[in-house]
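Working through the structure, step by step
In case you want the letters, here they are:
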Amino acid sequence: MLQGAAATVSLLGYLVITRSGAFGSGVGMQTGESLALRTTAAVYGWWLAPVAAATGGVRGAALALVIIDVLWVFLGQGVAGLIFCAVPVCPDATPWTDIVRYGSLVLGAAAAWTAWGAYRAMRGPTQWAPVATAVVLILVSFTLQGMNSKLPPS
């Protein structure tokens, strides 16, 4: 349940910033902006794979969920959102941006904690492919977002 809640609040954050024009829109969208959105979509689409695999006892999948929850939700949407947005209230798209920032902090931490507990409770070797996939997808997406996003004027 916490994975679904963390994914929902994080996705809401991307919908809000995309609507504000952070990655262009329509015909004016550049290739880099399009790639940033596609890699973001890839993270959300792939997120389901470790959720399903973790329910089957794949230790690496549980660890991948920790990585996603900490890097993508807690740090990427929560902490970074607070850094780039006025604390405590972000004037753009209020109250949605505040719900996303604070929700990402709370749900990202709770989902990571729960996934970490599941990882530690599982026995056997850790499969590193899910972890590597999570790290690579997130780093590529963050890099493309950083290179191609347009922050709204303050």
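Please refer to the structure higher up on the page.
The structure presented is a predicted model; accordingly, all values stated were derived computationally and were not measured. (Residues numbered from 1 in each chain as written. Predicted model: local features only at pLDDT ≥ 70, side-chain atom pairs only at ≥ 80, totals over all residues. Heavy atoms only, no water.)

**Digging into helix α4 (residues 96-121)**
Its 26 residues place the ends of α4 36 Å apart at the C-alpha level, agreeing with the 38 Å of an ideal helix rising 1.5 Å per residue. Listed as buried for α4 are T97, D98, V100, R101, G103, S104, L105, G108, A111, A112, A115 and Y119. Check the buried side of α4 and you find it contacts α1 (2-19) and α3 (59-83). (Helix = DSSP H or I, 4+ residues; strand = E, 2+ residues; numbered from the N terminus. Expected span 1.5 Å × (residues − 1). Buried < 20%, exposed > 50% of the residue type's maximum accessible area, 1.4 Å probe, protein only. Contact = heavy atoms within 4.5 Å.)

**Quick notes on the packing of α1 against α3**
Helix packing geometry: the angle between the two helix axes and the distance between the axes. Their axes nearest at 10 Å, the elements α1 and α3 cross at an angle of 35°. By crossing handedness, the relation of α1 to α3 is classed as left-handed. Taken together, the residues of α3 that come into contact with α1 (itself represented by Q3, A6, S10, G13 and Y14) are L65, D69, W72, V73 and Q77. Residues of the contact of α1 with α3, tallied by class, amount to five nonpolar, four polar and one charged. (Axes fitted to C-alpha atoms, helices over the stretch in contact; angles between N-to-C directions. Left-handed = near helix turned anticlockwise from the far one by under 90°. Nonpolar A, V, L, I, M, F, W, Y, C, P; charged D, E, K, R; others polar.)

**Side note on the packing of α1 against α4**
For the pair α1 and α4, the least separation of the axes is 8 Å and the interaxial angle reads 150°. The orientation of α1 with respect to α4, classified from their angle, is roughly antiparallel. In terms of crossing hand, the pair formed by α1 and α4 is left-handed. When α1 is examined against α4, the residues L2, Q3, A5, A6, V9, L12, G13, V16 and I17 are found in contact with a partner set consisting of W96, T97, I99, V100, R101, G103, S104, L107, A110, A111, T114 and A115. A per-class count over the contact of α1 with α4 returns 14 nonpolar, six polar and one charged. (Parallel < 35°, antiparallel > 145°, perpendicular 65-115°, else oblique.)

**Observations regarding the packing of aromatic side chains**
The full count for this structure, using the stated rule, is six aromatic pairs. Ring geometry for Y14 and Y44: centres 6.1 Å apart, planes at 75°, overall edge-to-face. Residue Y14 is found in helix α1, and its partner Y44 is found in helix α2 (residues 31-55); the two are separated by 30 residues along the sequence. Take Y14: its relative accessible area is 5%, and that puts it in the buried class. For Y44, a relative accessible area of 13% puts it in the buried group. Ring centres of W72 and F142 lie 5.1 Å apart, and the angle between their planes is 10°; this geometry places the pair in the stacked category. On the criterion of sequence distance, the pair formed by W72 in helix α3 and F142 in helix α5 (residues 129-148) is long-range, its members being 70 residues apart. (Phe/Tyr/Trp six-rings, centres within 6.5 Å; stacked < 30°, edge-to-face > 60°.)

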